[in-house]
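# A closer look at the structure
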Amino acid sequence: MPARPKGLTSFNASLKTPTFLISLIIAITFVILGTTLPNFGTYMDNTFAWVVEYLGWTFILGGSAFLIVTIFLIFSPLGEIRLGGDDEEPEYSTPSWFAMLFSAGMGIGLLFWGVSEPINHYDWPAMGEGGTEEAIHMALQYSFFHWGLHPWAIYAIVAASLAYFTYRKGLPMLLSSTLEPLIGKDNLNGGWGNTVNIIGVIATLFGISTSLGLGVMQIGGGIETLFGTPNNTALWMIIIVIVTALAIVSTTTGIDKGIKWLSQINISVAGLLMLFVLILGPTLFIFNAFTHSSGQYLQNLLSMSFGIDAAGENTDGWYGAWTIFYWAWWISWAPFVGSFIARVSRGRTIRSFSIGVLLVPTFVGMVWFSVFGGTALYREHFTDTSILDIVLQDEALGFFAMLEGFPFASLLIVIAMLSLTVFFVTSSDSGTYVIGMLTSKGNMNPPIQLRITWGLLEGAFAAVLLLAGGLGALQTAAVVGGFPFMIIMFFMIFCLLKALLNELRDGSLPMERQRIYAALEDLRNERKIQDDVINENEEEWTTDNGNGYVEVDEDETNDK
């Protein structure tokens, strides 16, 4: 079994690494520019528009390619390989594993967009007329699409590559380790290796800051709903300071205590909230909508995967505002979520890992949107309640507007805010672990001071983006952070498949090894049978002359 890589255990040693120094300089420069340039928000908007117009197609193709590769790993013999030694067992139980990857992967986003996205699609669908019965189905169908198989396939590629090269090949827990077949072991912390890790750090800062910013906006929306306090930048800054402090406290307790237990508790709370809405909401409509929209999602998966409306046939700008933004956001989250999933996935086979990462969260996300988004759509279309007006005014208020129609609405909103806060803490906490690993040469338990440093910078990044333009700036950060890392992901796929196919060729995959052992055993058994037959014949052909010598009876031999 490969030994666990150590990395740098000293904070002072980590401060001297090129990855840390260059990443820190870039991060601080961004924070300074964001707080001093008067037109920083305009620059962000222009950047978003340029990337979407000229590079949007790359995200569409990339997201689909990552899903295809993940499905291939599930059904191919390569899926038999274990992320670790052949006899290793999973480090975490399956329930704990699901809770951690789900909390780190999408928690904040599901609460922010669980109502606001379906309502937006209902008003502004990808095709057809808004505000119709068809728009209801289309709203859930595309919500399933944006939060389903594609984003989790993006995470799976990074996580599987990193876990394979770390746990099976004994390399450091670094993104550069996934490119070892191309750049070699000596360059993992060299020029190319440092470049890859720096891109991973910056992409993680942009990606996680986007989600933290969404969480802050929604917590502020909950406070506005309950107490009437304006949901503005001043309130956002106060929330960032408080929740970042909580995240830093959590990161000092470690994964086994902080992230693990917070994730399990929060998944339970979110599940109970969803069950409450399902029972007291339009239950029959929710089940019908889930069934119908699931069928539409699966039936149209291929066309949606490559849809970008090149000729302007459908709603202009829709794909840039939604699908391209989402794919870029998931890719910018991939170094963070992928590294964290790899960190907690030791001992699982690639097949069970890929199925778990791909299918279970996708199903939970579909149920989530059916319950919360379906309830909001029902009220918007079939009752006099208008959630759309609130969402168009402030998307952060959509979830709370839906809860206001239930008994004990204030209590439900408080519970949702607490759940959102915990998702914020676990996301930030997980992010500090990942960036800490990347800037400590792969130490899977990076120094506490290093984690605190990056936790503070994550909060600062989120603050700058909110000051620069709120949701628009957050979307730009996701797109800018996602594109360079998407290129690295294609090299990851090449290196992972090359290494796995080498194992298949060498006969070192578990099932291949069993087949070889079985074939060798058959050969040994066949040889033994042949030897026994020869020995029996020799006993018949030879006689003992009593002096310890064996003589052949020539007459008997000739007769035979």
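Residues numbered from 1 in each chain as written. Predicted model: local features only at pLDDT ≥ 70, side-chain atom pairs only at ≥ 80, totals over all residues. Heavy atoms only, no water.

### Considering the overall build of the protein
Across its full length, the protein holds 21 helices and two strands. In the protein, buried positions account for 57% of the 560 residues. By sequence separation, contacts in the protein at least 24 residues apart represent 81% of the contacts at least 6 residues apart. Just so you have it, the protein exposes about 22,600 Å², and 62% of that area is on carbon and sulfur atoms. (Helix = DSSP H or I, 4+ residues; strand = E, 2+ residues; numbered from the N terminus. Buried < 20%, exposed > 50% of the residue type's maximum accessible area, 1.4 Å probe, protein only. Contact = heavy atoms within 4.5 Å. Areas by Shrake-Rupley, 256 points an atom, 1.4 Å probe, with all protein chains shown as cover.)

### Details of the pattern of salt bridges
By the definition in use, this model includes four salt bridges. Of the charged contacts in the structure, one is a salt bridge between Glu88 and Arg346, with a shortest N-O distance of 2.7 Å. Residue Glu88 is found in the loop between α3 (40–75) and α4 (94–123), and its partner Arg346 is found in the loop between α13 (318–343) and α14 (350–382); the two are separated by 258 residues along the sequence. The same class applies to Glu88 as to Arg346, namely buried. (Salt bridge = Lys/Arg side-chain N within 4 Å of Asp/Glu carboxyl O.)

### Digging into the confidence of the model for the protein
Averaged over all residues, the pLDDT of the protein equals 84, while 88% of them reach at least 70. Below pLDDT 50 for its whole length, residues 1–5 participates in 17 contacts with residues either more than four positions away or in separate chains. Overall, residues 556–560 carries pLDDT values under 50, and its contacts beyond four positions in sequence, including any with other chains, amount to five contacts. (pLDDT = per-residue confidence, 0-100.)

### Brief notes about the packing of aromatic side chains
Under the defined criterion, the tally for this structure stands at 40 aromatic pairs. For the pair Phe285 and Tyr378, a centre-to-centre distance of 5.2 Å together with 55 degrees between the ring planes defines the contact as tilted. Highlighted residues: Phe285 in helix α11 (residues 283–299) and Tyr378 in helix α14, separated in sequence by 93 residues. Residue Phe285 is classed as buried on the basis of its relative accessible area, which comes to 18%. Here Tyr378 falls in the partly exposed class, since its relative accessible area comes to 31%. An aromatic cluster is defined as three or more aromatic residues linked by ring pairs; in this entry it consists of Phe112, Trp113, Trp147, Trp152, Tyr155, Trp322, Phe325, Tyr326, Trp329, Trp330 and Phe369. A cation over an aromatic ring shows up here: Arg348 above the ring of Trp97, its NZ or CZ 4.1 Å from the ring centre. When the ring centre of Phe406 is taken as reference, the NZ or CZ atom of Arg379 above it lies at 4.4 Å. (Phe/Tyr/Trp six-rings, centres within 6.5 Å; stacked < 30°, edge-to-face > 60°. Lys NZ or Arg CZ within 6 Å of the ring centre and 35° of its normal.)

### Looking at α13
The end-to-end C-alpha distance of α13, which contains 26 residues, comes to 36 Å, matching closely the 38 Å that a straight helix rising 1.5 Å per residue would cover. Helix geometry: α13 is bent most strongly at Ala334, by close to 50 degrees, with proline Pro335 lying one to four residues after it. With respect to burial, α13 is a largely interior element, 25 of its 26 residues being buried. (Expected span 1.5 Å × (residues − 1). Bend = angle between axes of the 7 residues up to and from the residue.)

### Here's the deal with the nonpolar core
Burial of nonpolar side chains together is a common tendency in soluble globular proteins. Of all hydrophobic cores here, the largest spans 173 residues; its most connected members are Trp329, Phe399, Met402 and Phe485. Looking at which element gives the most residues to this core, the answer is α13, with 18 residues. Contacts of Met402, omitting those with residues within four sequence positions, involve Val115, Val277, Phe372, Thr375, Ala376, Arg379 and Ile387. (Core = buried A, V, L, I, M, F, W, Y, C linked by side-chain atoms within 4.5 Å.)

### Describing the environment of Leu412
You can see Leu412 is positioned in helix α17 (residues 409–438). Under the relative-accessibility criterion, Leu412 is labelled buried at 6%. Remark: the alpha-carbon pair of Leu412 and Phe400, spanning 12 residues in sequence, is separated by 8.6 Å. Aside from chain neighbours lying at most four places away, what touches Leu412 is Leu273, Phe276, Leu403, Phe406 and Pro407.

### Considering the packing of α3 against α13
Contact geometry for α3 and α13: axes closest at 8 Å, N-to-C directions at 65 degrees. Pair α3 / α13 crosses with left-handed handedness. In contact with Phe48, Val52, Gly56, Phe59, Ile60, Gly63 and Phe66 of α3, α13 contributes Gly320, Thr323, Ile324, Trp327, Ala328 and Ile331. Looking at the contact of α3 with α13, its residues break down into nine nonpolar, four polar and no charged. (Axes fitted to C-alpha atoms, helices over the stretch in contact; angles between N-to-C directions. Left-handed = near helix turned anticlockwise from the far one by under 90°. Nonpolar A, V, L, I, M, F, W, Y, C, P; charged D, E, K, R; others polar.)

### A few points about helix α6 (residues 149–168)
The terminal C-alpha atoms of α6 lie 26 Å apart, and with 20 residues this matches the ideal 28 Å at 1.5 Å per residue to within 8%. Across the 20 residues that make up α6, a large majority, 20, are buried.

### Quick word on the environment of Leu301
The topology assignment puts Leu301 in helix α12 (residues 301–306). Non-local contacts of Leu301, meaning those with residues more than four positions away in its chain, are made with Phe145, Leu149 and His150.

### Quick word on the packing of α13 against α17
As a packed pair, α13 and α17 sit with axes 9 Å apart at the nearest point and diverge in direction by 85 degrees. The orientation of α13 with respect to α17, classified from their angle, is roughly perpendicular. For the pair α13 and α17, the contacting residues are Trp333, Pro335, Phe336, Ser339, Phe340 and Arg343 in the first and Ser427, Ser430, Gly431, Val434 and Met437 in the second. Here the contact of α13 with α17 is built from residues that sort into six nonpolar, four polar and one charged. (Parallel < 35°, antiparallel > 145°, perpendicular 65-115°, else oblique.)

### Here's the deal with unusual backbone geometry
For Phe408, which is not glycine, the phi torsion reads 55 degrees and is therefore positive. For Phe408, the position within the fold is in the loop between α16 (398–403) and α17. You can call Phe408 exposed: its relative accessible area is 62%. Notably, Lys441 is not glycine yet its phi reads approximately 60 degrees, a positive angle.

### Things to note about the side chain of Glu395
Relative to the elements of secondary structure, Glu395 occurs in the loop between α15 (388–393) and α16. A polar contact of 3.0 Å, which involves the side chain of Glu395, links it to the side chain of Asn120. (Polar contact = N/O pair within 3.5 Å; in protein donor to acceptor, adjacent residues only side chain to side chain.)

### As for a nonpolar patch on the surface
Among the surface-exposed residues, Trp57, Leu61, Ile68, Leu302 and Phe306 lie close enough to one another that they form a single nonpolar patch of about 560 Å² accessible area. For the nonpolar patch, the elements supplying multiple residues, two or more each, are α3 and α12. The element best represented in the nonpolar patch is α3, accounting for three residues. Inspection of the secondary structure assignment puts Phe306 in helix α12. (Patch = residues over 30% accessible without salt bridge, like charges linked within 9 Å, V, L, I, M, F, W, Y side chains within 5 Å.)

### With respect to the side chain of Gln218
If you trace the backbone, Gln218 turns up in helix α8 (residues 191–227). Overall, Gln218 belongs to the buried group, its relative accessible area being 1%. Setting aside chain neighbours within four positions, we find Gln218 in contact with Ile108, Leu111, Phe112, Ala396, Phe399, Phe400 and Leu420.

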